Amino acid sequence: MNLLESVNAILPKLGEDKVTSLDEPNSSVGVILPLIKIHRRALLEMGWSFNSIPLKLYKNIVNGEYRVPENVLHFYPDDPNKARLFGRKIIDPTTGDNPASDSPIPGYACVDMEFGDLPENAARYVFYSAACEAFNDTLGAQGELAQWQQNALSAFASLTQAEQRSNNFTERRSYERARILSGVGGNVLMWNGSNYDVI
């Protein structure tokens, strides 16, 4: 589902003709696009497996600051006792100043994504959420709005199920790998963040 298809799926429900380009002058397109952006960003800020990446931040040699890139919505340092995100820069949580160390700060980032790059379930959820809001704001009709709200909830449920399956698969593979690494003795080793524990 791309952005133009999504907009064109909403326009006829608002009594408008479909457009061939998002740049065409159309007042409803000007309403729909910001709604899609708001719902897309709100979904991505939750942090999903498809928009979470490992990231190392390096100190800027000119101003001495660690700053996150513009496409990063959230940054979670591996050690939150040494670094914390404050606005667009990283601070030492005990002093509120720049971290004293010059070493890179590893962590995970939730990054922004364009609508067309979202997984299908995520795009569908954003589409239906934006459609409900546009439809309600413009026409206020309740019959079709209820169906679109149900479709949005269904898409969100599919998205969270896919996320859970992804997390379970990752955890299961980690467990199987630890069991194989434990050798013939039958002990299972689990990584606790700094070393392996026998369980």
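Residues numbered from 1 in each chain as written. Predicted model: local features only at pLDDT ≥ 70, side-chain atom pairs only at ≥ 80, totals over all residues. Heavy atoms only, no water.

Comments concerning the sheet that holds strand E6 (residues 105-111)
Then comes step 1: Here three strands make up an open sheet; going across it, the order is E1-E6-E3 and the pairing antiparallel. With one partner strand each, in any of the chains shown, strand E1 (52-57) and strand E3 (72-77) form the two edges of the open sheet. Averaged over all adjacent pairs, the angle separating strand axes in this sheet is 35°, with direction ignored.
Then comes step 2: As paired strands, E1 and E6 are joined by six bridges and run antiparallel to one another. Along E6, the bridge assignment pairs Ser-52 with Cys-110. (Pairing = 2+ DSSP bridges. Helix = DSSP H or I, 4+ residues; strand = E, 2+ residues; numbered from the N terminus. Axes fitted to C-alpha atoms, helices over the stretch in contact; angles between N-to-C directions.)

Some points on the packing of aromatic side chains
Then comes step 1: Tallied over the entire structure, the rule returns four aromatic pairs.
Then comes step 2: Here Trp-48 and Phe-156 contribute two aromatic rings whose centre-to-centre distance is 6.0 Å and whose plane-to-plane angle is 85°, an arrangement assigned as edge-to-face. Here Trp-48, found in the loop between helix H2 (27-44) and E1, pairs with Phe-156, found in helix H4 (residues 142-181); they are 108 residues apart in sequence, far enough to count as distant.
Then comes step 3: On the accessibility criterion, Trp-48 (6% relative accessible area) is buried.
Then comes step 4: Assessed through its relative accessible area of 24%, Phe-156 is described here as partly exposed.
Then comes step 5: Of the aromatic side chains, those joined through ring pairs into one cluster are Trp-48, Phe-50, Tyr-125 and Phe-156. (Phe/Tyr/Trp six-rings, centres within 6.5 Å; stacked < 30°, edge-to-face > 60°. Buried < 20%, exposed > 50% of the residue type's maximum accessible area, 1.4 Å probe, protein only.)

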